[in-house]
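Okay, here's what each chain looks like letter by letter:
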Amino acid sequence: MYRPDSVYVDMSDVVPPEVRPKPAIPAKPPSVSPSSPFPPQGSGVSAHAPSGIPVPVGTHGASQGHAAAHNGGHGHGGSHGSRGGSTLLGYIGIDTIIEQMRKKTMKTGFDFNIMVVGNSGLGKSTLMNTLFKSQVSRRSAGWARDERIPKTADVKAVSHVLEEGGVKMKLTVIDTPGFGDQINNDNCWEPISKYINEQYEKFLKEEVNITRKKRIPDTRVHCCLYFISPTGHSLRQLDVEFMKRLSHSVNIIPVIAKADTMTIEERQEFKQRVRKELEAGGIEFYPQKEFDEDMEDKSDNDKIREAMPFAVVGSDKEYQVNSKLVLGRKTAWGIVEVENPNHCEFALLRDFLIRSHLQDLKEVTHNIHYETFRARRLNENGGLHPMASNGTQESNL
């Protein structure tokens, strides 16, 4: 029956309670064990966080599962705090930094400056040619072999560009003819010390220029090979004085020249005697103990220090031994093979000087010897005035 005050209801809009949808209630994420980065199967819960909620690095989820796959399939997740870095959620490309540095240095090349000091006739030029398997010595670069011995120690440098495997290196060999060849050898190390400091001074002036070069030419002496005469007795007073005075300015590596003139027993006794005399004189030679950065470096360098000074033989002539061409010196009783460790320690010197410690020699030169000179120089002068590009001094203001 129709009533005027009744409300008309359209029955098509009425939905029975049993089929009415329930309001959406966000479900709680299921508990996931640390060992599994994925949610349990069949849980119906998405691994992705709701929109607007940031996912912190290290949160266990599907993304971390993919990161674990990139890291070799390990499911270790989360931030490691102070004990290590955070686990990346994907590939970024940090590992290409080494390749970028390699390409950059391949283009610019390397500089290496090595000085040889010792009496005439100890085979300095020959050893340089043997080390780099090229004619890089002063005598091989055009100086006459019959030149007279200078009245004082002279310094002559010759540069070459060597290339091996696409890597270019500008090698400069600095020779010191006349050192120790006079009757009176007082202060014969002064021209050598002056040359070393001049190269530091040249580098320092380039650094304080207002308009500096993009790449400062590096003429600093990175290594000094000091040749000891194979007397078999002891060091000369000149040897001790030279190494003592220059050990704080340059990396000194003592070597025993022409070691084939001594027997194996004489060589070992002479090496031990030289080490004791260097220690008694407070002479520091490279690699210095205080520059060892970690235990691995200390262990490697201790083995090197125990083998020094290296007893070496140099030769740029080849001979056939057992159907094989080898560098050596021919004697009446056989051939002394330069690269045979049973005959001499040339191979140890080459590996140490070029294959394992060349970059460290350059770093010690820059970070220790050059910085010491720089600090002393600036303290003496109260600071260097910057140099303009035309070479005239300008005010610090």
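Values in this document were obtained by computation on a predicted structure and should not be read as measured data. (Residues numbered from 1 in each chain as written. Predicted model: local features only at pLDDT ≥ 70, side-chain atom pairs only at ≥ 80, totals over all residues. Heavy atoms only, no water.)

Caption draft 1: Region of the structure containing the overall build of the chain. A count of helices and strands for the chain gives 9 helices and 9 strands. When the 397 residues of the chain are sorted by exposure, 37% land in the buried category. Here the contacts in the chain between residues at least 6 apart in sequence split such that 64% fall between residues at least 24 apart. Surface accessibility of the chain: about 25000 Å² in total, with carbon and sulfur atoms responsible for 52%. (Helix = DSSP H or I, 4+ residues; strand = E, 2+ residues; numbered from the N terminus. Buried < 20%, exposed > 50% of the residue type's maximum accessible area, 1.4 Å probe, protein only. Contact = heavy atoms within 4.5 Å. Areas by Shrake-Rupley, 256 points an atom, 1.4 Å probe, with all protein chains shown as cover.)

Caption draft 2: Here's a closer look at unusual backbone geometry. The residue after Tyr286, namely Pro287, is reached through a cis peptide bond having omega 0°. Positionally, Pro287 belongs in the loop between α6 (264–280) and α7 (295–307). Here the amide bond leading from Met308 into Pro309 is cis, since omega sits at 0°, within 30 degrees of zero. Inspection of the secondary structure puts Pro309 in the loop between α7 and β6 (310–311). A positive phi angle, close to 55°, is found at Asn322, a residue other than glycine. Here Asn322 shows up in the loop between β7 (318–320) and β8 (325–331). Of note in this structure, Ser323 is not a glycine but carries a positive phi near 55°. With respect to the helices and strands, the residue Ser323 is situated in the loop between β7 and β8.

Caption draft 3: Summary view of the environment of Leu361. Mapped onto the elements, Leu361 comes out in helix α9 (residues 358–381). Classification of Leu361 by relative accessible area gives buried; the value is 0%. Each C-alpha atom of the pair Leu361 and Val250 lies 9.6 Å from the other, and the pair is 111 residues apart in sequence. Sequence-distant contacts of Leu361, that is, excluding residues within four places in its chain, are made with Phe112, His222, Cys223, Asn251, Tyr286 and Leu353.

Caption draft 4: Structural context of the sheet that holds β8. Read from one edge to the other, the open sheet built from 3 strands follows the order β7-β8-β9, with strand pairing classed as antiparallel. The sheet is open, and its two edges are formed by β7 and β9 (334–337), each paired on a single side. Neighbour to neighbour, the strand axes of the sheet diverge by 70° on average, direction disregarded. When β7 meets β8, the two strands line up antiparallel, connected through 3 bridges. Looking at β8, one finds that Glu318 is bridged to Leu327. (Pairing = 2+ DSSP bridges. Axes fitted to C-alpha atoms, helices over the stretch in contact; angles between N-to-C directions.)

Caption draft 5: Spotlight on the pairing of β8. Counted along the chain from β7 to the antiparallel partner β8, the turn is 4 residues long, and its residue Asn322 has a positive phi close to 55°. In terms of strand pairing, β8 meets β9 through 4 bridges, oriented antiparallel. Across the sheet, residue Lys330 finds its bridge partner in β9, namely Ile335. Taking the residues between adjacent antiparallel strands as the criterion, β8 and β9 are bridged by 2 residues.

Caption draft 6: Broad picture of the nonpolar core. One finds Leu225, Phe242 and Ile253 to be the most contacted residues of the largest nonpolar core, which totals 74 residues. Not counting chain neighbours up to four residues away, the residues in contact with Phe242 comprise Val117, Phe179, Trp189, Ile192, Cys224, Tyr226 and Ile252. (Core = buried A, V, L, I, M, F, W, Y, C linked by side-chain atoms within 4.5 Å.)

Caption draft 7: Expanded view of the packing of helix α3 (residues 124–132) against helix α8 (residues 346–356). Following both chains from N to C, one finds α3 and α8 inclined at 65°, their axes separated by 11 Å at the closest point. By the angle between their directions, the pair α3 and α8 is classed as roughly perpendicular. Considering only the axes of α3 and α8, their crossing is right-handed. Residues Leu127, Thr130, Leu131 and Phe132 of α3 touch α8, and the partners they reach there are Phe346, Leu349, Arg350, Leu353 and Ile354. Tallied by class, residues from the contact of α3 with α8 come to 7 nonpolar, 1 polar and 1 charged. (Parallel < 35°, antiparallel > 145°, perpendicular 65-115°, else oblique. Left-handed = near helix turned anticlockwise from the far one by under 90°. Nonpolar A, V, L, I, M, F, W, Y, C, P; charged D, E, K, R; others polar.)

Caption draft 8: Representation of the sheet that holds strand β5 (residues 252–256) in the model. Here we have 6 strands laid out as an open sheet, ordered β2-β3-β1-β4-β5-β6, and mixed in their pairing. With one partner strand each, in any of the chains shown, β2 (156–164) and β6 form the two edges of the open sheet. Where strand β1 (residues 110–117) and strand β4 (residues 223–228) come together, 4 bridges link them in parallel fashion. Looking at β4, one finds that Val116 is bridged to Leu225. Strand contacts of α9: β1, β3 (167–175) and β4, with the helix running at about 85° to β1, the strand carrying the most contacts.

Caption draft 9: Geometry of the confidence of the model for the chain. For the chain, mean pLDDT is 79; residues scoring 70 or higher make up 71% of the total. Averaged pLDDT values for the elements of the chain fall to 44 in helix α1 (residues 62–70) and rise to 97 in β5. Ignoring residues within four places in sequence, the model shows residues 11–15, a span with pLDDT below 50, making 2 contacts including any to other chains. Confidence drops under a pLDDT of 50 for residues 388–397, and excluding neighbours within four residues, the segment shows 13 contacts in the predicted structure. (pLDDT = per-residue confidence, 0-100.)

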